[in-house]
Amino acid sequence: MFRYLFMSKLINKQRIILLIVLFFIFWYSRHMKSIKIDVVVVPLSGHLYPTMNLLAPLLNNPQYEIRLFTGPQKKAVAEAAGFNVVTILEGHIEEFEKAANNDEQLGILSAYQQLSASLDLINLVSDQLSEEWRENRPDIVIADFITLSGGLVANQLGIPWITTMATQFVLETTDGPPCLIGGMGSPKNGWDASIQYVGRKATRLVKRIVSFLLRDRLKRYDFKLYNQLDQETIYSPYSILGIGMEEVELKKGFPKHYKWIGPSGASVEAGEDYPLDLSPFMERKKVLMTCGTQLAWAKENLIYQATQLAKAHPDCHFFVTRGVGGEAFQCENLMENLSVVSYLPYKEYIPQMDYVIHHGGAGIFYQCIIYGKPALILPHDYDQFDYAVRGVEAGVAFSAKRDNREAIGHAFEELLAKENWPELETLRQAAQSYHPTETLEREIHRLLEDKEKEK
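How each quantity is defined
Residues numbered from 1 in each chain as written. Predicted model: local features only at pLDDT ≥ 70, side-chain atom pairs only at ≥ 80, totals over all residues. Heavy atoms only, no water. Pairing = 2+ DSSP bridges. Helix = DSSP H or I, 4+ residues; strand = E, 2+ residues; numbered from the N terminus. Axes fitted to C-alpha atoms, helices over the stretch in contact; angles between N-to-C directions. Contact = heavy atoms within 4.5 Å. Polar contact = N/O pair within 3.5 Å; in protein donor to acceptor, adjacent residues only side chain to side chain. Buried < 20%, exposed > 50% of the residue type's maximum accessible area, 1.4 Å probe, protein only. Right-handed = clockwise from strand over helix to strand, strands pointing away. Salt bridge = Lys/Arg side-chain N within 4 Å of Asp/Glu carboxyl O.

A. Spotlight on the sheet that holds strand 3 (residues 84-87). One open sheet accounts for seven strands, arranged 3-2-1-4-5-6-7; its pairing is parallel. The sheet is open, and its two borders are formed by strand 3 and strand 7 (258-260), each paired with just one other strand. This sheet shows a mean twist of 25 degrees between the axes of neighbouring strands, independent of strand direction. In the sheet, strand 5 (residues 161-165) pairs with strand 6 (residues 239-242) via four bridges, with the strands oriented parallel. The residue bridging I162 from the neighbouring strand is S239, located in strand 6. The strands touched by helix 3 (residues 45-55) within the sheet are strand 1 (35-40), strand 2 (64-70), strand 4 (140-144), strand 5 and strand 6, with strand 2 carrying the most contacts at an inclination of about 175 degrees.

B. Looking closely at the sheet that holds strand 14 (residues 397-399). Here seven strands make up an open sheet; going across it, the order is 10-11-9-8-12-13-14 and the pairing mixed. Edge positions in the sheet fall to strand 10 (331-335) and strand 14, since each has one partner strand and no second. Taking the axes of each pair of neighbouring strands and ignoring which way they run, one obtains an average angle of 20 degrees across the sheet. Contacts between helix 12 (residues 362-370) and the sheet are confined to strand 8 (285-290), strand 12 (355-358) and strand 13 (375-377), with strand 12 contributing the most and set at about 165 degrees to the helix. Most of the contacts of helix 13 (residues 384-394) go to strand 14, to which it runs at about 130 degrees, and overall it touches strand 13 and strand 14.

C. How the structure looks around the side chain of T321. Inspection of the secondary structure puts T321 in strand 9 (residues 316-321). Among the polar contacts made by the side chain of T321, one reaches the main-chain amide nitrogen of G323 at a distance of 3.2 Å. Not counting chain neighbours up to four residues away, the residues in contact with T321 comprise L288, M289, T290, V341, S342, Y343 and L344.

D. Broad picture of the pairing of strand 3. Residues V85 and T87 line the buried face of strand 3, whereas the alternating positions N84 and V86 sit on a face that is not buried. In this fold, strand 2 hands off to helix 4 (residues 75-80), which returns the chain to strand 3; that crossover is right-handed.

E. Representation of the pattern of salt bridges within the structure. Within the structure shown, the criterion is met by 17 salt bridges. Among the salt bridges present, the one from R67 reaches E132, with a minimum N-O distance of 2.8 Å. Here R67 is found in strand 2, whereas its partner E132 is found in helix 6 (residues 108-135), with 65 residues between them in sequence. Taking the relative accessible area as the measure of exposure, R67 reaches 12% and is therefore buried. With a closest N to O distance of 2.6 Å, E336 and R284 form a salt bridge. Linking E336 in the loop between strand 10 and strand 11 (338-341) with R284 in the loop between strand 7 and strand 8, this pair joins segments that are 52 residues apart in sequence. You can call R284 partly exposed: its relative accessible area is 22%.

This is the structure we're talking about:
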């Protein structure tokens, strides 16, 4: 090619320009190094899918080399989405499922036992990551907020890392309601504010006690609960990406390196693998009912509550999903207006529903906002009480106790009776204004630039 350029009749200026362009292309291809990103997420849909959706637009970008570390349970669905998967906890699926899926609502003792069991698995993952990253070191680590191994090992090896946080309010802040203690809302007066202050201090005390009890098993990480800035060390000191909306948050005083990036928790399964024909039900109000993928102990109560609602509202058709993905699709008609299905991908079916009754999980909470669907929230466990109160205060949902038939019936009637949802439409539009992947890219390059400056 170079010989042709010199022998051609092109004028000198054109030759020079072409030579410069070709030289630049040659130099760029030889010297441009891709950014190695390793992502560590437990194989739980509510944690894995938001992070997968965040990274999916980067998979075909040659600038990035992305590997996803997750459990074998989710290998097939992640690879189908285009990810290069490295499995963790091979041979420990049963132990993981036992630690992740409790048989009943968590209490103080059962929560501690669950954390203790999880720590054994965390250490196994840490061993694998330490060995892998000493041989094949990534430039950036992205770790889900409960997948502690990623951040702990990255810290030990001096690798910059980012926390992705699907439940934003678990992060301790300087103001606002503490979470995971029953769902506190905005303080209405000085007394409420005082109670919440005590709650924040009590949360810290409990964490200190648990950290002390587990100190021997955390010794390998030289673990300290808080850093010199009084911030939690289980989250990145460099960048925390909140996969949610600031518009519905009740807490204040987030760290400076915390970024709101909008919701991205949609399901990643292919809709055609879960074929439910809704055309026969077009004359009825369609209601999706779910309690997610983790709460196995709550499924029968959900079906019972659906049965009661179906009896009281023959003009509605209720679709209960058991949340069991990755298996052959099944649909059973329990009543003329009640169907129980094995699994339904939210992004495929929520747009076709009129209402949603759910448990208050992060993913479906925001999917209802994205698609403008009014909801009735029946919180069960974990952060779900906190999401319920945020939904009520934001004016996009009603809430009731999960096992109170009368309260659920009354709340559902309120849901049907409310004709206008202006707050829901406002939030639906606000959800479109976020640019999650663009924010992630900016944070990746910022962290790498900061790392270069330190050299």
